[in-house]
Amino acid sequence: MARFKAKQPSSGAAEKKKPRMSNAERSAYFSRREAAKVLRSVLQGDAHRRAVASIKSLVYSPSIKNKKATFALVCQTLKHLPIIKDVLEGANILNSRWKRQVELVYIITYDILFGQEISFVGDAEKFLLQRKVSLQSALARLLVRKKMKRIEDLLDHYQTPDVSKPRYVRVNTLKLDVDSALIELRKQYMVEKDDLVPDLLKLPPKCDLHDHPLVMNGSVFMQGKASSMVAAALDPEPGWEHAYFHISVKVLDACAAPGNKTVHLAALMRGKGKVIACELNKERMKRLADTVRLSGACNIEVFHSDFLSLDPKDPPYSKVRAILLDPSCSGSGTVAERLDHLLPSHAAVPQVERIVYSTCSIHQIENEDVVKSILPLAASHGFRLATPFPQWHRRGLPVLEGFEHLLRTDPVEDKEGFFIALFIREEGSVIHPSLSPDSSHLSLVERTKRKNLSKKEARIILPTLFGGMFKMFLYSKPSFRVNLK
Ligand SMILES: C[S@@+](CC[C@H](N)C(=O)[O-])C[C@H]1O[C@@H](n2cnc3c(N)ncnc32)[C@H](O)[C@@H]1O
């Protein structure tokens, strides 16, 4: 972080004359105020709704000049915030004036207690610096009270996982039915069916099922509720058939490892049709293969590949009807930075009807912003946003038209942060299979019959989904490729 050397506040006559600030002083002064402004938005976002805007997107607003320093200062202050709040309470130094500027107080307190030796010019800085001893004593008392020696221990203490989080297991219906799983698990635990996601069972917090025989033999998978909503949102039907050809169709899980959602898809399809599971990372491929093996699913084909390089005209992919895109969350960069990477498309996957885009990120930049940026292209392909789990109350952030279709889960309220967007292709927009690349195997009669469909249908030429639209999803996600989970 580009920060500056300490300069103690001036006093006496010099103070009264308010000498001109040096460049370093000015820079530190403005960095703190910019950081306070960002922190206020972040904390307000927290209060209203988590992640109204990600820190990066706030920092990248044109009004913030020193982006790098501001970003680092906000992140560090947030990290130490529970300690800072306790210290300020313990020191009891804030009057009503500084309570109104509490975000700036947080930032400066971070700098005084944990930051570097940096110029402390400014009224707020002077006020807090004069009370440095009180702040340090309050911190020392906090450590004693919490029976800890180091700040790192305090940080760990404040980040202790929520023990009230219920445990969930998803019954792998390829191996066991839900009622049998209930009977078996109830021998040891209080178990109830989840009220929203089929095949999902809820257990009390702290249950450790890692060694349970049903987990070990793949009859149930330990999977959170939000994560289990994703494949269910895509809703592939068992025995799903091609809209026109009566052949079973495929679902593509484009970013598959470790495979929890892949095997969920396979179970939802009751072992019929095909799930194509694509994974780029070689190490994670092994975990994917293990998960698939454990699930007992016979309808999954695993590919070690960059799904962006798949050729939708290749026979394995040409019958893909639904796509699950669950890429790695990056947490860095901005949509605007990456939009220039959008590539035009050349191939066609005309029969895709449903796409789910999901992330385990709470950041708008990786969720609503991505959806917003691809909506025009999606619409030009005949896709619209649809509402997965309409009865779920927490929807997207109101930053785009159709936000109410999006689904969010909250890391605090729901104990898991997730985002789901479901795109469905409007009826009539699905390109007729007579135009699809793989219609050659049809009988002449069938092909002729299909070519007699309306001219409007026949004229619909859809650009690629593997190409343009997916790249848009991915490149809208900053640093996607370098940040594999
Ligand atoms: C969030 S994880 C997927 C989790 C998985 N859906 C599950 O529920 O178990 C994202 C995965 O996508 C993989 N990935 C990243 N880029 C990819 C690409 N271009 N093609 C295929 N897989 C990719 C990553 O290696 C990572 O394993």
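Just so we're clear, the structure is a prediction, and the values are computed from it rather than from any experiment.

Ile83, Val87, Leu88, Leu94, Leu128 and Leu135 are the most contacted members of the largest nonpolar core, which has 41 residues in total. Of all elements in the fold, only helix 2 (23-48), helix 3 (55-59), helix 4 (67-91), helix 6 (102-113), helix 7 (123-129), helix 8 (132-145) and helix 9 (151-158) reach the threshold of two or more residues within this core. It is helix 6 that provides the largest number of residues to this core, a total of nine residues. Those residues in contact with Leu135, other than ones at most four positions away along the chain, are Val87, Leu88, Ala91, Ile93, Thr109, Ile112, Leu113 and Leu128. Counting residues in hydrophobic clusters, the runner-up holds 37 residues, among them Ala231, Val251, Ala257 and Phe418.

Here we come to the environment of Gly259. Here Gly259 lies in the loop between strand 5 (250-253) and helix 13 (260-268). For Gly259, a relative accessible area of 0% gives the class buried. The spatial distance from the C-alpha of Gly259 to the C-alpha of Ala277 is 8.0 Å, given a sequence separation of 18 residues. If near-sequence neighbours (up to four positions away) are discounted, Gly259 is found in contact with Leu288 and Thr291.

Looking now at the site of the ligand. Taken together, 22 residues lie around the ligand, and Lys261, Glu279, Arg284, Asp306 and Asp326 are the ones closest in. One of the side-chain nitrogen or oxygen atoms of Lys261 is found 2.8 Å away from an oxygen atom of the ligand. Between the ligand and Glu279, the relevant distance is 2.4 Å, taken from an oxygen atom to a side-chain nitrogen or oxygen of the residue. Protein contacts shield 97% of the accessible area of the ligand, which totals 610 Å² for the unbound molecule. Those elements that place two or more of their residues in the shell around the ligand are helix 13 and strand 6 (274-279). The residue inventory of the shell around the ligand, partitioned by class, reads 11 nonpolar, five polar and six charged.

We now examine the pairing of strand 1 (residues 167-171). Across the five residues of strand 1, four count as buried, placing the element largely inside the fold. By the bridge criterion, four bridges tie strand 1 to strand 3 (residues 200-203) in an arrangement that is antiparallel. Residue pairing in the sheet places Arg170 in a bridge with Leu200 of strand 3. In terms of strand pairing, strand 1 meets strand 4 (residues 220-222) through three bridges, oriented antiparallel. Residue Val171 lies in a different strand from strand 4, and its bridge partner there is Val220.

A few words on the pattern of salt bridges. Inspection of the entire model under this criterion finds 17 salt bridges. Arg97 is the salt-bridge partner of Asp123, the closest N and O atoms lying 3.8 Å from each other. With Asp123 in helix 7 and Arg97 in helix 5 (residues 96-99), this residue pair connects regions lying 26 residues apart in the sequence. For Asp123, a relative accessible area of 38% corresponds to the partly exposed category. Taking relative accessible area as the criterion, Arg97 reaches 40% and is therefore assigned partly exposed. The salt bridge involving Arg293 is made with Asp290; its shortest N-O contact spans 2.8 Å. Here Asp290 and Arg293 lie together in helix 14 (residues 282-295), a separation of three residues that amounts to about one turn. A relative accessible area of 58% means that Arg293 is categorised as exposed.

Hydrogen bonds between backbone atoms are what pair the strands of a sheet, whose relative direction is either parallel or antiparallel. The four strands are arranged 2-3-1-4 in an open sheet whose pairing can be described as antiparallel. If you trace the sheet from one side to the other, it starts and ends with strand 2 (192-193) and strand 4, each paired once. The pairing of strand 2 with strand 3 spans two bridges and is classified as antiparallel. Its bridge partner lying in strand 3, Glu192 is registered against Lys202.

This part takes up unusual backbone geometry. Here the residue pair Ala257 and Pro258 is connected by a cis peptide bond, since its omega of 5° sits within 30 degrees of zero. Among the secondary structure elements, Pro258 is positioned in the loop between strand 5 and helix 13. Its identity as a non-glycine residue notwithstanding, Asn92 has a phi of 50°, on the positive side. Turning to its location among the elements, Asn92 is positioned in the loop between helix 4 and helix 5. Looking at Asn92, the relative accessible area reads 66%, which means it is exposed. The phi angle at Arg270 is positive, at roughly 50°, despite the residue not being glycine. By secondary structure assignment, the location of Arg270 is in the loop between helix 13 and strand 6.

Turning next to the UniProt feature "binding site: S-adenosyl-L-methionine" (unreviewed entry) in the protein. Using the residue numbers shown here, the UniProt feature "binding site: S-adenosyl-L-methionine" (unreviewed entry) corresponds to Cys255, Ala256, Ala257, Pro258, Gly259, Asn260, Lys261, Glu279, Asp306 and Asp326. Assessed through its relative accessible area of 16%, Cys255 is described here as buried. As for its placement among the helices and strands, Ala257 is situated in the loop between strand 5 and helix 13.

A full pass over the atoms with the stated rule returns four aromatic pairs. On the basis of an interplanar angle of 85° and a centroid distance of 5.1 Å, the ring pair of Tyr29 and Phe30 is categorised as edge-to-face. Assessed through its relative accessible area of 22%, Tyr29 is described here as partly exposed. Judged by its relative accessible area of 42%, Phe30 is partly exposed. Geometrically, the ring pair formed by Tyr110 and Phe114 is tilted, given 6.0 Å between the ring centres and 35° between the ring planes. Residues Tyr110 and Phe114 agree in their burial class; the two are buried. Between Arg33 and the ring centre of Tyr29, over which it is positioned, the NZ or CZ distance is 3.7 Å. The positively charged end of Arg131 is found above the aromatic ring belonging to Phe127, 3.8 Å away from the centroid.

The rules we used
Residues numbered from 1 in each chain as written. Predicted model: local features only at pLDDT ≥ 70, side-chain atom pairs only at ≥ 80, totals over all residues. Heavy atoms only, no water. Core = buried A, V, L, I, M, F, W, Y, C linked by side-chain atoms within 4.5 Å. Buried < 20%, exposed > 50% of the residue type's maximum accessible area, 1.4 Å probe, protein only. Helix = DSSP H or I, 4+ residues; strand = E, 2+ residues; numbered from the N terminus. Contact = heavy atoms within 4.5 Å. Near = heavy atom within 4 Å. Polar contact = N/O pair within 3.5 Å; in protein donor to acceptor, adjacent residues only side chain to side chain. Areas by Shrake-Rupley, 256 points an atom, 1.4 Å probe, with all protein chains shown as cover. Nonpolar A, V, L, I, M, F, W, Y, C, P; charged D, E, K, R; others polar. Pairing = 2+ DSSP bridges. Salt bridge = Lys/Arg side-chain N within 4 Å of Asp/Glu carboxyl O. UniProt positions renumbered as here; feature names shortened; annotations may be inferred. Phe/Tyr/Trp six-rings, centres within 6.5 Å; stacked < 30°, edge-to-face > 60°. Lys NZ or Arg CZ within 6 Å of the ring centre and 35° of its normal.

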